[in-house]
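Structural overview
As a plain string of letters, each chain reads:
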Amino acid sequence: MLSTQKISLAKVAAKAFITPLTVRTFASSAVRNVSINLHKNSFESYNCDAPALDVEISKEELVRMYKSMVTMRRMEMASDGLYKAKLIRGFCHLCTGQEAVAVGMETALTAEDKIITAYRCHGFTYMRGGSITSILAELLGRKAGISGGKGGSMHMFTPNFFGGNGIVGAQVPLGAGIAFAQKYQGHKAATFSLYGDGASNQGQVFEAYNMAKLWELPAVFVCENNRYGMGTAASRSSANTSYFKRGDYIPGLKVNGMDVLAVHQAVAYAKEWTVSGKGPLLLEMETYRYGGHSMSDPGTTYRTREEIQHMRSNNDPITGLKQRLLEFNIITEDEMKAIDKAARVEVDQAVEEAKASGEPDLSEFWTQIYQKDAGVPSVRGREPEEMHYY
Amino acid sequence: MSSMLKKAVTVSIPSVRQALARSNPVLANALLAKRSYNSKGGVEMTVRDALNSALEEEMTADEKVYLLGEEVGQYNGAYKVSKGLLDKFGPKRVIDTPITESGFCGLAVGSAFAGLKPVCEFMTWNFAMQAIDQIVNSAAKTHYMSGGNVDCPITFRGPNGAAAGVAAQHSQCFAAWYGSVPGLKVVSPWNSEDAKGLLKAAIRDPNPVVVLENELMYGISFPMSEAALSKDFVVEIGKAKIEKEGTDITIVAHSRAVGFALEAAQLLEKEGICSAEVINLRSIRPLDTETIIKSVKKTNRLVTVEGGWPQYGVGSEICAQIMESEAFDHLDAPVVRVTGADVPTPYAQNLEAYAFPDTEVIARVVKRTLNKKIGA
């Protein structure tokens, strides 16, 4: 979809509506719904119907989506700066360019639905309720961090978001297990388990597919295909790069992951599919990261700068939504600038708050090894005299 | 009901049991006592039935507890530990998995994150090597890494260590491997009381617990006290038990080796050689060093016994901890480890016998240790 057509999808989407007059708005001003037509190449299906290309969405929701993506990007850019300033150590995997996936998912789901992903998790943590301050503080290894500074970039959790997982592929069976628990407890909700093109060949992913299908779990498996598993292009890692078909007996849907509305539509469709008892579904989000695999990777040794620039210029999810908002008169250029500015201020403030937070107390070194530290009388430190007694 | 059961006579004729089980499973469950009576009128139970009771009781008490693993349901358990559970609780709570350890272990861990209390059975702990990433990186570490935000109340169980004639890939002891992981609790029951109490404690424990059973112990009967028969009976994790008191030397063992240690102690006492104190570790992690230290202060000599390989093992850990503790000053001889031999387990019976410690080896080492004096 994206690789063969060098046309800007955002421009195509705008072309779907030739004039603003074709925007259907309702007579009552209280109901501010917009009907947007997605580009015909937004979806490709495997053993199922594709979702409708008509998206019914409120103006408020659209503006929220925009604000979320802008804020998320600011947050990741701030992390980039903090890492280069050596205030963040170890691993740091940014989702710059991939914002539409986390944002489009969140708007289609409820708090009862659960999400689990791998290490590129800051954006999801934010959408699932983590404050920017707690996310940045966690990256800085501070007390105010969402995991108390004890997890770092790859280990962030909220009540309905299960990380943040460092071992590639392990999160997929975990996600099937969360879906299992939802079914067991009779919750009418779904679990979305995300993994990348790099993780898609893991054996345990197929083990999870098998059990999800056998036991009809409300599991949606989402392959975030950003074309590269670290430095390895998808075609060099996968004998079959049609990730949405890899579920074999599980139907699948390929989605333009750079279009937040396409993501939203697909996720709403997937949730309805699984919760209505049709078993698991596979989604492939075609997306792209502007940055390297992590902060240690410039991201230019295995792909061209032209490709990166092309994606930025023609497929950027924020620009795409921006153009829609303007074309359909959802908000004005000035209102948009105000949102951008507010996001910058919010993130800058969060950076300051995070920096102001101190390192965790040494006493936290010994806590939470076990739940409630129960039944374990002592923990050994580095030498016999460094014992901690509970 | 319980008094009725106590007075009930065991129906031991297989065909009658089967007929009753087919016609009225609920009644059969109640009447067909898993217990038998010894000559003194006390109740006895096999380790297998003790584990089965533990599972049944905990699944009855808490809706969130469920069992998954290969052949646990329709087959009634590869070693019959989960016999009757599918009939009693149904397929929602007793789940037969495909042969995909990595996947079903991960699924179980994820379900624990999301509020259930899974009992994840590995047909043997050898197969859990395929799932060890989920046990260590997902189950053990997540509570800490999440700053306490995510819990993992899961129990992993299955037979560990040597069986008989199953050779190298099916005979490994994993006590040392799992025992080294912070965030896990590891228990290793010997007799029926251990098995029932530790499994119940493990299922109730909000932390991930590894239960290392032993296939050769499944069929062995042991007396069960009144307390042990209660549905609220638990054995505290992290506390060893002194199975036999003694004065001249301490023998510390876990799992099947406890039986051999007790036999060796009896033999040595009969021969008038020494009075040995035998400690049943019960838990590998946390290790009850306090009980061992107290015993060493009394007896001044220590021998450890385990089925696992010698290097980097449970005995090695006990040696190190004793050396670093006040007990060192009370030793009249170096601590000696009796372990499995440092070889992949062979198949031929005579070779296999040479691979694992037994009563004779323990007695020999104890005698030798008693003859040593520091500085002599």
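Chain B has the name Pyruvate dehydrogenase E1 component subunit beta in an unreviewed UniProt entry, where Linnemannia schmuckeri is given as its organism. The UniProt entry for chain B carries the following text under Catalytic activity (unreviewed entry): "N(6)-[(R)-lipoyl]-L-lysyl-[protein] + pyruvate + H(+) = N(6)-[(R)-S(8)-acetyldihydrolipoyl]-L-lysyl-[protein] + CO2". Turning to chain B, the UniProt annotation filed under Function (unreviewed entry) states: "The pyruvate dehydrogenase complex catalyzes the overall conversion of pyruvate to acetyl-CoA and CO2."

Within an unreviewed UniProt entry, the label attached to chain A reads Pyruvate dehydrogenase E1 component subunit alpha, and the organism entered is Linnemannia schmuckeri. UniProt, in the comment section headed Function (unreviewed entry), describes chain A in these words: "The pyruvate dehydrogenase complex catalyzes the overall conversion of pyruvate to acetyl-CoA and CO(2)." Database annotation for chain A, UniProt heading Catalytic activity (unreviewed entry): "N(6)-[(R)-lipoyl]-L-lysyl-[protein] + pyruvate + H(+) = N(6)-[(R)-S(8)-acetyldihydrolipoyl]-L-lysyl-[protein] + CO2".

Where interface size is quoted, it is often the accessible area lost as the parts come together. With 49 residues of chain B in contact, the opposing surface of chain A contributes 39 residues. Summed over both partners, the interface of chain B with chain A buries about 3,500 Å², with 64% contributed by carbon and sulfur atoms. When the buried area of chain B at its contact with chain A is split by residue, Leu107(B), Tyr144(B) and Met145(B) rank highest and sum to 20% of it. Joining chain B to chain A, the criterion identifies 1 salt bridge. When the shortest N-O distance is used, the salt bridge between Arg380(A) and Glu324(B) registers 2.5 Å.

It is worth spelling out the packing of helix 2 (residues 59-84) of chain A against helix 5 (residues 132-139) of chain A at this point. Residues and elements named next belong to chain A. Where helix 2 contacts helix 5, the axes come no closer than 11 Å and their chain directions differ by 20°. The angle between helix 2 and helix 5 falls in the class roughly parallel. Helix 5 is crossed by helix 2, and the crossing has right-handed handedness. Touching Thr71, Met75, Ser79 and Leu82 of helix 2 are Ile132, Ile135, Leu136 and Leu139, all from helix 5. Residue composition of the contact of helix 2 with helix 5, by class: 6 nonpolar, 2 polar and no charged.

Turning next to the pattern of salt bridges. Scanning all chains against the criterion turns up 31 salt bridges over all chains. Put simply, Asp80(A) and Lys84(A) hold a salt bridge, and the shortest N to O gap is 2.8 Å. Here Lys84(A) and Asp80(A) lie together in helix 2, a separation of 4 residues that amounts to about one turn. On the accessibility criterion, Lys84(A) (60% relative accessible area) is exposed. With its nearest N and O atoms 3.3 Å apart, the salt bridge here joins Asp361(A) to Lys143(A). You can see Asp361(A) sitting in the loop between helix 12 (333-356) and strand 11 (378-380) and its partner Lys143(A) sitting in the loop between helix 5 and helix 6 (171-184), a full 218 residues away along the chain. On the basis of relative accessibility, which here comes to 42%, the residue Asp361(A) falls in the partly exposed class. Note on Lys143(A): relative accessible area 45%, which makes it partly exposed. Counted as one network, the salt bridges with shared partners bring together Glu57(B), Glu58(B), Lys196(B), Lys200(B), Arg204(B) and Asp232(B).

Parameters and conventions
- Residues numbered from 1 in each chain as written.
- Chains lettered and ligands numbered in written order.
- Predicted model: local features only at pLDDT ≥ 70, side-chain atom pairs only at ≥ 80, totals over all residues.
- Heavy atoms only, no water.
- UniProt positions renumbered as here; feature names shortened; annotations may be inferred.
- Contact = heavy atoms within 4.5 Å.
- Buried area = accessible area lost by both parts, 1.4 Å probe.
- Salt bridge = Lys/Arg side-chain N within 4 Å of Asp/Glu carboxyl O.
- Axes fitted to C-alpha atoms, helices over the stretch in contact; angles between N-to-C directions.
- Helix = DSSP H or I, 4+ residues; strand = E, 2+ residues; numbered from the N terminus.
- Parallel < 35°, antiparallel > 145°, perpendicular 65-115°, else oblique.
- Left-handed = near helix turned anticlockwise from the far one by under 90°.
- Nonpolar A, V, L, I, M, F, W, Y, C, P; charged D, E, K, R; others polar.
- Buried < 20%, exposed > 50% of the residue type's maximum accessible area, 1.4 Å probe, protein only.

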